[in-house]
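Commentary on secondary and tertiary structure
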Amino acid sequence: QKEVEQNSGPLSVPEGAIASLNCTYSDRGSQSFFWYRQYSGKSPELIMFIYSNGDKEDGRFTAQLNKASQYVSLLIRDSQPSDSATYLCAAVLNTGTASKLTFGTGTRLQVTL
Amino acid sequence: DGGITQSPKYLFRKEGQNVTLSCEQNLNHDAMYWYRQDPGQGLRLIYYSQIVNDFQKGDIAEGYSVSREKKESFPLTVTSAQKNPTAFYLCASSIVGQSSSYNSPLHFGNGTRLTVT
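Residues numbered from 1 in each chain as written. Chains lettered and ligands numbered in written order. Predicted model: local features only at pLDDT ≥ 70, side-chain atom pairs only at ≥ 80, totals over all residues. Heavy atoms only, no water.

A few words now on the interface of chain B and chain A. Size of an interface, as often reported, equals the accessible area lost when the parts are brought together. Contacts between chain B and chain A engage 23 residues on the former and 20 residues on the latter. Together, the buried faces of chain B and chain A total about 1700 Å²; carbon and sulfur atoms form 53% of this surface. The interface formed by chain B and chain A includes three residue pairs in polar contact (both at pLDDT 80 or more). Of all the secondary-structure elements, those providing two or more residues to the side of chain B that touches chain A are strand S4 (31-37) and strand S9 (87-94) of chain B. When grouped by side-chain class, the residues that make up the side of chain B that touches chain A number eight nonpolar, twelve polar and three charged. (Contact = heavy atoms within 4.5 Å. Buried area = accessible area lost by both parts, 1.4 Å probe. Polar contact = N/O pair within 3.5 Å; in protein donor to acceptor, adjacent residues only side chain to side chain. Helix = DSSP H or I, 4+ residues; strand = E, 2+ residues; numbered from the N terminus. Nonpolar A, V, L, I, M, F, W, Y, C, P; charged D, E, K, R; others polar.)

What follows deals with the nonpolar core. Formed by 24 residues in total, the largest nonpolar core has its most connected members in Phe33, Trp35, Val72, Leu74, Ile76, Tyr87 and Leu109 of chain A. Elements represented by at least two residues in this core include exactly strand S3 (19-25), strand S4 (33-38), strand S5 (45-50), strand S7 (61-66), strand S8 (71-76), strand S9 (85-94) and strand S11 (107-112) of chain A. The element that contributes the greatest number of residues to this core is S9 of chain A, accounting for five residues. Those residues in contact with Leu109 of chain A that sit more than four places away from it in its chain are Leu11, Val13, Ala19, Ile76, Asp83, Ser84, Ala85 and Tyr87 of chain A. Core analysis: the next-biggest nonpolar cluster, separate from the first, contains 19 residues, Leu21, Cys23, Ile46 and Leu114 of chain B among them. (Core = buried A, V, L, I, M, F, W, Y, C linked by side-chain atoms within 4.5 Å. Buried < 20%, exposed > 50% of the residue type's maximum accessible area, 1.4 Å probe, protein only.)

Adjacent strands of a sheet pair through backbone hydrogen bonds, lying either parallel or antiparallel. Residue and element names in this part refer to chain A. If you walk across this open sheet you meet the five strands as S1-S3-S8-S7-S6, and the pairing is antiparallel. Strand pairing shows two members of the sheet lacking a second neighbour, strand S1 (4-5) and strand S6 (54-58), which therefore form its edges. As judged from the six bridges shared by S7 and S8, these two strands associate in the antiparallel manner. Bridge pairing in S8 places Gln64 opposite Ser73. (Pairing = 2+ DSSP bridges.)

What follows is about the sheet that holds strand S8 (residues 76-78) of chain B. Residue and element names in this part refer to chain B. Taken in spatial order, the four strands line up as S1-S3-S8-S7 in an open sheet, and their pairing is antiparallel. Unpaired on one side and paired on the other, strand S1 (4-7) and strand S7 (64-66) mark the two borders of the sheet. Taking the axes of each pair of neighbouring strands and ignoring which way they run, one obtains an average angle of 20° across the sheet. Judged from the four bridges that link them, S1 and strand S3 (residues 19-25) form a sheet pairing that is antiparallel. Residue pairing in the sheet places Thr5 in a bridge with Glu24 of S3. (Axes fitted to C-alpha atoms, helices over the stretch in contact; angles between N-to-C directions.)

So, about the side chain of Ser93 of chain B. Residues and elements named next belong to chain B. Following the sequence through the fold, Ser93 ends up in strand S9. Side-chain polar atoms of Ser93 contact the side chain of His29, separated by 2.8 Å. Not counting chain neighbours up to four residues away, the residues in contact with Ser93 comprise Ile4, Gln25, Leu27, His29, Ala31, Met32, Tyr33, Pro105, Leu106 and His107.

Below, the structure written as structure tokens:
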């Protein structure tokens, strides 16, 4: 099992719809989770971070964390073509001797007109 | 404006040559990181540093070296020992390092695309 797992996609949603991106992680003790957006050929940029169970909203973005089920998701409401990008999930995993920020391979989102 | 500056944006080298990638930040962040990204793969940690004059190997440190003589600067040298150096290299920084229970988010530079032929 990968430490941080995402469906590679592409996930295709029509403009104006809700895009739901999911991520699972292997370490039940993880406490810090991040979503980054990466446009093709560019560097990742931080979208959201979440530390507590439940929902965290920021504009059109909502991060959801369920520690019992070990998944974190990102919802994008009113999806726009400019949201088309790869979304990277990252979690701080405990390796025994140290904690380590680990990235998933990303989900490619396509917002269609 | 505060940020992370990586240079150059594109770099071309012949096989067998060492090359150094620059990373400078003016965010006053303590921790700095180097990641490598290959097509279709996630980010893989090469080296990280939580304080000046100290750094630790990441998951794929072989063939790379770093220094952290100043808080603002964390250059990465890709040596001739790195077998597949062609990749997109990303430098990042954060307020606190990975030893903290709750990690502060990483802020990334614009990246350097290295091509070795």
